[in-house]
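Working through the structure, step by step
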Amino acid sequence: MSTDTSTENPEAAAEPSPGAASRKRPTGHRRLLTRRDRITLGLMAGLPTILHIALVWLTALASIALAFTSWNGIGFDSIQWVGLQNFRELFTSNPQFWPAVEHNVVWFVVLILLPTPFGLFLAVQLDKSIRFSRVYQTAFFLPVVMSLAVIGFVWQLVYNPDTGLINSVIGANKPGHYIDWIGDPDLNLWAVLIAASWRHAGYMMILYLAGLKGVDPALREASALDGANEWQTFKNVVFPTLRPTNTVVLVVTIIEALRAFDLVFVFNKGAQGTELLSILVTNNIIGESSRIGYGSAIAVVLLVISLAVIIPYLIATFRKERRA
Amino acid sequence: MSTVAGAPKQRTPIRPARVLLHTFLVVTALAWLAPLLWALLAAMRPYAETSEKGYVSWPDKLTLDNFTNAFTQSDMTHYFVNTLIIAVPAVLLTLLLSSMVAFYVSRFDFRVNLSLLLLFTAGNLLPQQVIITPLYRLYLLIDLPGITMSGKLYDSALGLVLIHVAFQSGFCTFVLSNYMRSLPHELTEAALVDGASVWRLYWQIVLPLCKPAMAALATLLSIWIYNDFFWAIVLISTGENMPITSALNNLSGQYFTDPNLVAAGALLTAIPTLIVYFVLQRQFVSGLTLGANKG
């Protein structure tokens with residue numbers, strides 16, 4: 001990769017560059033800037049940053065602050081400091097909280113164990129320079145291009161007890177035989193997860209296809225010359241080189257599991273059996289009861305889990321970039 | 001495996017393994033498309049026929065009636081326009097603003113660069129629900145009489161544009177800064193020595209070189225913003241103002257007795273993204289992997 005421009009001392013950055021060394025002014029870009037340039041640059045970086053901080057980070061901080069209050073949203077003077085009460089209520093007496101946490105975990109486990117390896121498998125097959133590869137890719141990738149809301153409606157047609165594809169095919173669409181895929185609290189999470197997996201596999205396939213393009217063909221040839229079969233080559237040669245892709249896939253999958261919302265909202269608004277943290281937060285806003293502090297407390301739980309993933313990932317990513 | 005001399009390399013002779021692979025791929029691909037094909041079949045059949053004969057039956061006739069009905073009865077043009085009003089400025093602004101930040105962090109060696117980049121990248125990884133509660137209150141709080149129809153940031157296209165820009169600029173800044181960093185140093189340095197202003201540097205030298213990355217991101221952003229459901233569900237309250245995806249939610253509530261019509265509506269909603277994808281497939285895929293290959 002290219003040289004790092006964000007190094008701490010500009011001298012070091014300029015030194016090895018042969019183009020700069022030949023010139024009289026061995027400096028980083030900074031010293032060439034006029035006052036006007038500095039103002040322009042300040043605005044260029046400043047305005048987007050203000051927008052981003054105001055709408056993303058200040059609201060995240062406000063979530064944390066509000067989590068310790070009770071507020072019905074009407075007037076600032078009705079904000080009351082309640083300490084840890086929201087969390088206490090959440091952890092001990094909210095019947096939806098722990099199921100929601102569990103479902104978010106199940107969501108992640110299912111996505112990482114089923115569609116992710118399947119996407120990798122598809123990518124490996126499609127990477128063999130076979131004919132019609134584009135056509136197959138498009139078929140698997142189509143769901144990724146569509147809105148999750150639309151996917152929700154499409155799968156409702158599949159799951160409908162009366163008219164749906166599954167019940168029609170297995171003959172469960174007659175009274176007395178109905179299988180209510182979305183209404184049954186023991187089934188609906190799995191029904192949603194099938195739809196989510198359907199989309200996730202295509203996404204993972206594309207990420208892995210890109211990763212596989214980066215695998216040096218010479219490695220594979222060497223492995224084949226050594227008499228390794230296809231599986232051995234994959235296990236010992238190809239898969240280890242996919243490490244950077246695997247990291248991205250892991251992070252993307254965790255984030256997707258934490259963000260999961262649209263499908264469930266379209267299916268049954270997170271009632272009975274499909275509760276998710278994201279749904280609980282949203283219900284506190286667009287539901288009848290506006291409990292700002294309580295909703296924020298759930299958001300803080302979500303934030304803490306997210307940061308536990310985001311921070312290590314960013315540290316690893318940016319440390320590598322610095323070295324590069 | 002020895003190939004026939006002179007045969008083109010692409011055309012491997014028929015091998016059992018290849019036949020097996022193709023069979024597997026064809027079957028899986030069809031299974032993958034089954035939900036969509038099922039929706040398409042339902043959408044092309046009149047409700048009267050399916051309710052009488054059941055859905056697994058040979059269709060007497062296939063029509064586009066449900067599509068035209070869904071389109072006209074639910075005023076879909078209106079919602080498509082709403083989406084356009086949100087998505088076009090959001091995509092353009094996101095690209096403009098994030099390319100400016102990317103330019104700042106990748107072409108100069110300021111001390112804040114790394115923190116700035118971390119801030120944007122991390123912000124984009126947060127689940128939207130983490131920030132929605134205060135954002136919702138904030139949007140209700142900001143009065144914009146005369147500027148938006150609702151008189152507030154809440155329930156307005158402007159509000160959606162702003163949050164899309166703020167949120168998506170994280171990913172775009174990350175991708176674009178990596179891209180700009182790979183451009184040779186001498187390029188901008190020489191221009192600076194010659195006395196070009198930084199704006200000129202950005203606008204006339206760096207930005208044109210970023211066209212491939214910008215095209216890829218534009219494709220990706222259009223699809224993401226078009227597909228957005230969450231922001232619109234929470235931040236738009238009037239059905240009239242909704243973009244197409246959340247309007248579909250209302251439509252299905254209205255027409256839940258006719259699944260064929262809902263199927264048609266859902267498929268119509270998906271058409272623009274499918275077109276974008278088929279036309280700009282290469283850009284879309286490279287956009288997705290621009291961010292992922294680093295890491």
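Residues numbered from 1 in each chain as written. Chains lettered and ligands numbered in written order. Predicted model: local features only at pLDDT ≥ 70, side-chain atom pairs only at ≥ 80, totals over all residues. Heavy atoms only, no water.

For chain A, the helix and strand inventory stands at 16 helices and 2 strands. Taking all 324 residues of chain A together, 52% fall into the buried category. Once local pairs closer than 6 in sequence are excluded, the contacts in chain A between residues at least 24 apart make up 63%. Surface exposure of chain A reaches about 15300 Å², of which carbon and sulfur atoms provide 63%. (Helix = DSSP H or I, 4+ residues; strand = E, 2+ residues; numbered from the N terminus. Buried < 20%, exposed > 50% of the residue type's maximum accessible area, 1.4 Å probe, protein only. Contact = heavy atoms within 4.5 Å. Areas by Shrake-Rupley, 256 points an atom, 1.4 Å probe, with all protein chains shown as cover.)

Residue and element names in this part refer to chain A. Mapped onto this structure's residue numbering, the UniProt feature "transmembrane region" (unreviewed entry) falls at residues 39-68, 105-126, 138-158, 189-210 and 292-315. The span residues 39-68 is 93% helix and 0% strand, and its two end C-alpha atoms sit 40 Å from each other. Structurally, residues 105-126 is divided into 95% helix and 0% strand, and its ends, taken at the C-alpha atoms, are 31 Å apart. (UniProt positions renumbered as here; feature names shortened; annotations may be inferred.)

So, about the nonpolar core. Residues Trp 107 of chain A together with Trp 231 and Leu 235 of chain B are the most contacted members of the largest nonpolar core, which totals 197 residues. Broken down by element, this core gets its largest block of residues, 16 residues, from helix H10 (residues 188-213) of chain A. When sequence neighbours within four positions are dropped, the list of residues in contact with Trp 231 of chain B reads Gln 128, Ile 131, Ile 132, Leu 135, Leu 160, Ile 163, His 164, Phe 167 and Ile 236 of chain B. (Core = buried A, V, L, I, M, F, W, Y, C linked by side-chain atoms within 4.5 Å.)

With that out of the way, let us pick up the interface of chain A and chain B. On the chain B side, the residues contacting the 111 residues of chain A number 108 residues. Counting each side, the surface lost to burial between chain A and chain B is near 10300 Å², with a carbon and sulfur contribution of 73%. Here chain A is connected to chain B by 0 salt bridges. Connecting chain A to chain B are 14 residue pairs in polar contact (both at pLDDT 80 or more). Per-element accounting of the side of chain A that touches chain B gives the leading share, 18 residues, to helix H3 (residues 35-66) of chain A. (Buried area = accessible area lost by both parts, 1.4 Å probe. Salt bridge = Lys/Arg side-chain N within 4 Å of Asp/Glu carboxyl O. Polar contact = N/O pair within 3.5 Å; in protein donor to acceptor, adjacent residues only side chain to side chain.)

Moving on, we come to unusual backbone geometry. Despite not being glycine, Ser 129 of chain A shows a phi value in the positive range, around 45 degrees. Within the secondary structure, Ser 129 of chain A is located in the loop between helix H6 (115-126) and helix H7 (133-145).

All names here are of chain B. Here the UniProt-annotated "transmembrane region" (unreviewed entry) positions come out as residues 19-41, 79-104, 116-136, 156-180, 201-226 and 261-280. Structurally, residues 19-41 is divided into 100% helix and 0% strand, and its ends, taken at the C-alpha atoms, are 30 Å apart. With 95% helix and 0% strand, residues 261-280 has its two end C-alpha atoms placed 29 Å apart.

On to helix H12 (residues 230-241) of chain A. Residue and element names in this part refer to chain A. Taking 1.5 Å per residue as the helical rise, H12 with its 12 residues ought to reach 16 Å, and the 15 Å between its terminal C-alpha atoms agrees with that figure. Of the residues making up H12, those classed as buried are Thr 233, Phe 234, Val 237 and Val 238. Projection of H12 onto a plane perpendicular to its axis shows the buried side chains occupying an angular sector of 125 degrees, all on one side. Seen from the open side of H12, the exposed residues pointing more than 90 degrees away from its buried face are Trp 231 and Asn 236. One side-chain oxygen at the N-terminal end of H12 lies 3.2 Å from the backbone nitrogen of Trp 231; it belongs to Asn 229. (Expected span 1.5 Å × (residues − 1). Arc of directions from axis to C-beta.)

The next thing to look at is the packing of helix H1 (residues 16-43) of chain B against helix H13 (residues 259-279) of chain B. For any two helices packed against each other, the geometry is given by the interaxial angle and the distance between the axes. Residues and elements named next belong to chain B. Between H1 and H13, the shortest axis-to-axis distance is 8 Å and the interhelical angle comes to 120 degrees. Here H1 lies oblique to H13, going by the angle between them. Read as a crossing pair, H1 and H13 show a hand that is left-handed. Taken together, the residues of H13 that come into contact with H1 (itself represented by Ala 39, Leu 40, Ala 42 and Ala 43) are Asn 260, Ala 263, Ala 264 and Leu 267. Its residues placed into classes, the contact of H1 with H13 shows 7 nonpolar, 1 polar and no charged. (Axes fitted to C-alpha atoms, helices over the stretch in contact; angles between N-to-C directions. Parallel < 35°, antiparallel > 145°, perpendicular 65-115°, else oblique. Left-handed = near helix turned anticlockwise from the far one by under 90°. Nonpolar A, V, L, I, M, F, W, Y, C, P; charged D, E, K, R; others polar.)

If you trace the backbone, Gly 73 of chain A turns up in the loop between strand E1 (69-70) and strand E2 (80-81). Between the alpha carbons of Gly 73 of chain A and Gly 176 of chain A there is a distance of 47 Å; along the sequence they are 103 residues apart.

Time to look at the pattern of salt bridges. Considering all chains together, one arrives at 6 salt bridges over all chains under this definition. In this structure, the salt-bridge partner of Arg 291 of chain A is Glu 89 of chain A, at a minimum N-O distance of 3.4 Å. In this pair, Arg 291 of chain A is assigned in the loop between helix H15 (277-286) and helix H16 (292-323) and Glu 89 of chain A in helix H4 (residues 85-92), connecting sequence segments 202 residues apart. Judged by relative accessible area, which is 24%, Glu 89 of chain A ranks as partly exposed. The salt bridge partner of Arg 45 of chain B is Glu 49 of chain B, with a shortest N-O separation of 2.7 Å. The same class applies to Arg 45 of chain B and to Glu 49 of chain B, which are both buried.

A surface patch of nonpolar side chains, about 400 Å² in accessible area, is lined by Ile 39, Leu 43, Leu 47 and Ile 50 of chain A. Assignment of secondary structure puts Ile 39 of chain A in helix H3. (Patch = residues over 30% accessible without salt bridge, like charges linked within 9 Å, V, L, I, M, F, W, Y side chains within 5 Å.)

Taking 1.5 Å of rise per residue, 12 residues should cover 16 Å, and helix H9 (residues 198-209) of chain B covers 15 Å from first to last C-alpha, within 8% of that figure. Turning to H9 of chain B, its buried residues number three or more, namely Val 198, Leu 201, Tyr 202, Val 206 and Leu 207 of chain B. Buried positions in H9 of chain B, seen along its axis, are confined to an arc of 135 degrees and lie on one side of it. Looking at the packing, one finds that the buried side of H9 of chain B touches H3 of chain A together with helix H4 (76-107), helix H7 (157-181), helix H8 (185-193) and helix H10 (211-227) of chain B.

Residue and element names in this part refer to chain A. Among the secondary structure elements, Leu 212 is positioned in helix H10. The exposure class assigned to Leu 212 is buried, which follows from its relative accessible area of 3%. Separated by 33 residues in the primary sequence, Leu 212 and Thr 245 have C-alpha atoms spaced 8.9 Å apart. Sequence-distant contacts of Leu 212, that is, excluding residues within four places in its chain, are made with Ala 123, Val 124, Asp 127, Arg 220, Val 238 and Leu 242.

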